[in-house]
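Take a look at the letters that make up each chain.
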Amino acid sequence: MSNILAIAQKELKSYFVSPIAYALLAIYALISGWFSLIAIANFIEMSMQGQGPADLNGYVIAPVVSNAGVLSLFLIPMITMRLFAEEKRSGTIELLITSPVTDMEIILGKWLGAMGMYACILGVKLFCLSFTFMFGNPDWRPLATAYLGMFLQGGALLAIGMFISNTTRNQIVAGATTFGMCLLFWTFDWATTFKADGWAKVLAYLSLTAHFNSFARGVIDTKDTVFFLSVIALGIFLTARSLESLRWRA
Amino acid sequence: MIKVEGITKRYARFTAVDNVSFEVAKGQIVGFLGPNGAGKTTTMRILTCFQPPSEGRASVAGFDVMEQPMEVKKRIGYLPETPPLYPDMEVGEYLEFVGKLKGLRGNDLAKRITEVSGKINIGDVRTKLIAKLSKGYKQRVGLAQALIHNPDVLILDEPTSGLDPQQILETRELIKGLAGDHTIILSTHILPEVEFTCERVVIISKGKLVATDTVDNLTHRMRGSENVGVEVEAREGTLDVSAVQRKLEQVAGVSKVILREDKNNRANFEVESLQGRSIRADLARAVVEGGFALTELKAAGMSLEDVFLQLTSTDKVDEAKVEEEIEKGEAA
């Protein structure tokens, strides 16, 4: 366990000693702020038209949170692309593999480090939303559920991105492929627009949107939780196999 | 301490290491010698559990690299050809991270960092970013990384490549000073390095083991006969080159006399002795008695370099390439 934490700590630190963390945080703060501004303007408009203040959860928190899902499509590749690709290119992977730590400790450490970075980014959004609590009285529970959903969804995409980063020594290739995969996973449910059964249904079930939406609505569904946990496990499993194959091919 | 039994590493299209066996005793420094692409790095990677052999067994301190890799990894310090450094980290931070990876914690870790920094002489750059270090310092930090957990075995892949001559000397001294406490395998294609630092040599070429012996034995065994360079001048007048040659050929124990150069009344010969004969004293007397002036007499013994080339090169192209590599390595 302490090996995992040592690697996670190093991984998280490496985002902050390079410009990556600051660039991601700044861009995310800007976009998050813009989204919040739009949502609040919309909320004010609605409040003016109706009698008394509109539903703060429905008009501000829900739209901002569901946008977060889309945003993470762009952010995840930037977090994961360097995870293994950089170590492979610079040769530091040799240090990790020849140290007395297991492959699983390396992988979990890296995934946790990436999760840490992702959590920092989500923290920025929480800061934006904290103003609704300052001036209004929204229910905090749907927000907490949405955050759980974002963590699960992010964890799943980070695990997939980590696997992709392990298959190449080129960060750009890793980033671009991860972005493509994220987008595909996001839009798999479009399959149901022209076919409602068979493979289309299976594909639609793999869509992250469908599983994230219930969290965004404030519902913790066991089915969706299990789905995300399975994808995390799959990503970690694939990374482990890929790291192992490095020994036979390298 | 290290036992390699018939290891082979095959890739889809070529065999990188072919049935190599050798042993290294505790506390020894062994030079792992071979031209580039001979399979040195692959063999080292097998010993460090980075990759498994296709066939054969290898063990470190009695632990098999395939069956008990964790035990092997705990006992090995490894410096790959490019030091595995994170450029964005400070030296101290980096050593702390590596120490943790190797299982050190708390006070032990702090103590080892101080000890190693002192030993490798990097105390003054502890708070510097690795990216800002000179090549020589980077190499030292790499060495410190390999030493941090005080391993029984050190495996160093071309530890002096890319350093300037001063740094090469320092690194060699440093490695020599580590022998005894640690069993060391170092790979190189720079021959003086082996002559200077190592007790034993393992020479491989094209994946195959060519020779393994002590440095002295190897040069001795390959030599057999004595080669002497003789330079002769005329006392007065012109030099009768053929007379000198005849005189030299008459010396007991001489098997061959070759005229190398004949310029400005000065002739250069290479004289080869019969197996096991010492002829230098007799050559000197013969030249002087013949009325010529002896200006130079030197033993052109076989250096490890000659041995190496003889063992590893099968054609001229290879030889030229190796020589070029050696020069590059020394110049760099």
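Shown above is the structure to which this text applies.
Overview of the structure.

The rules behind these values
Throughout this document, residue positions are counted from 1 along each chain, in the order its sequence is written. Chain A is the first chain written and ligand 1 is the first ligand written, with later ones labelled in order. Per-residue local features of the predicted model are confined to residues with pLDDT of at least 70, and side-chain atom pairs are confined, for both listing and counting, to 80 or more; whole-chain, interface and lining totals are unaffected and use all residues. Side-chain measures were taken over the full set of non-hydrogen atoms in the model, leaving aside hydrogen atoms and water. Put simply, DSSP H or I for four residues or longer makes a helix, DSSP E for two residues or longer makes a strand, and each gets a number counted from the N terminus. The reference for a compact globule is 2.2 Å times residues^0.38; the radius of gyration itself is calculated from the C-alpha atoms. Buried, partly exposed and exposed residues are distinguished by accessible area as a fraction of the type maximum, computed with a 1.4 Å probe on protein chains only: under 20%, between the cut-offs, and over 50%, respectively. Only the protein chains shown count as cover for residues, and all accessible areas are computed by the Shrake-Rupley method using a 1.4 Å probe. Charge counting follows a simple rule: Lys and Arg are positive, Asp and Glu are negative, and His as well as the terminal groups are ignored. For charged residues, the charge sits on one atom: NZ in Lys, CZ in Arg, CG in Asp, CD in Glu. At least two bridges found by DSSP between two strands is the condition for calling them paired. The angle between two axes is taken between their N-to-C directions and runs from 0 to 180 degrees, where each axis is a line fitted to C-alpha atoms and a helix contributes only its stretch in contact. Whether two residues are in contact is decided by their heavy atoms, any of which lying within 4.5 Å being enough. Classification of ring pairs uses Phe, Tyr and Trp, with its six-membered ring standing for Trp, and accepts pairs whose centres are within 6.5 Å; under 30 degrees between planes counts as stacked, over 60 as edge-to-face, and the remaining range as tilted. What a helix is expected to span follows from its residue count: subtract one and scale by 1.5 Å. For this analysis, a polar contact is any N or O atom pair within 3.5 Å, provided that within protein one partner can donate a hydrogen and the other can accept it, and provided that sequence-adjacent residues contribute only side-chain to side-chain pairs.

1. Remarks on the overall build of chain A
Right, so step 1: Counting its regular elements, chain A contains 11 helices and zero strands.
Right, so step 2: Scanning chain A from its N terminus toward the C terminus, one meets helices and strands in the order α-α-α-α-α-α-α-α-α-α-α.
Right, so step 3: In terms of C-alpha radius of gyration, chain A reaches 20 Å, essentially the compact-globule figure of 18 Å for 250 residues.
Right, so step 4: If you line up chain A on its principal axes, its C-alpha atoms span 70 × 45 × 30 Å.
Right, so step 5: Relative to its full complement of 250 residues, chain A shows a buried share of 50%.
Right, so step 6: Carbon and sulfur atoms make up 71% of the accessible area of chain A, which amounts to about 11300 Å² in all.
Right, so step 7: For chain A, the distance from the average position of its 16 positive side-chain charges to the average position of its 14 negative side-chain charges is 6 Å.

2. A look at the sheet that holds strand β10 (residues 208-214) of chain B
Residue and element names in this part refer to chain B.
Right, so step 1: Taken in spatial order, the six strands of this open sheet run β6-β7-β8-β3-β9-β10, and their pairing is mixed. A single partner strand is all that each edge strand has here, and the edge strands are β6 (76-79) and β10. Averaged over all pairs of adjacent strands, the angle between their axes in this sheet comes to 15 degrees, without regard to strand direction.
Right, so step 2: As defined by bridge partners, strand β7 (residues 153-157) adjoins strand β8 (residues 183-188) across five bridges and the pair is classed as parallel.

3. Brief notes about the environment of S66 of chain A
Residue and element names in this part refer to chain A.
Right, so step 1: Positionally, S66 belongs in helix α3 (residues 56-80).
Right, so step 2: On a C-alpha basis, the gap between S66 and F215 in space is 9.2 Å, while along the polypeptide they are 149 residues apart.
Right, so step 3: Once residues within four sequence positions are removed from consideration, S66 is found in contact with F212 and A216.

4. Considerations on the packing of aromatic side chains
Residues and elements named next belong to chain A.
Right, so step 1: Enumeration according to the criterion identifies 12 aromatic pairs over all chains in this entry.
Right, so step 2: Measuring from ring centre to ring centre gives 6.4 Å for Y118 and F151, while their planes differ by 90 degrees; the resulting arrangement is edge-to-face. Highlighted residues: Y118 in helix α6 (residues 103-135) and F151 in helix α7 (residues 140-166), separated in sequence by 33 residues.
Right, so step 3: You can call Y118 buried: its relative accessible area is 2%.
Right, so step 4: Considering the side-chain rings of F185 and F188, the 5.5 Å spacing of their centres and the 70 degrees angle between planes classify their relative orientation as edge-to-face.

5. A look at helix α11 (residues 222-249) of chain A
Right, so step 1: Between its first and last C-alpha, α11 of chain A extends 40 Å over 28 residues, near the 40 Å set by a 1.5 Å rise per residue.
Right, so step 2: Where α11 of chain A starts, the residue carrying a side-chain oxygen 3.0 Å from the main-chain nitrogen of K223 of chain A turns out to be D221 of chain A.

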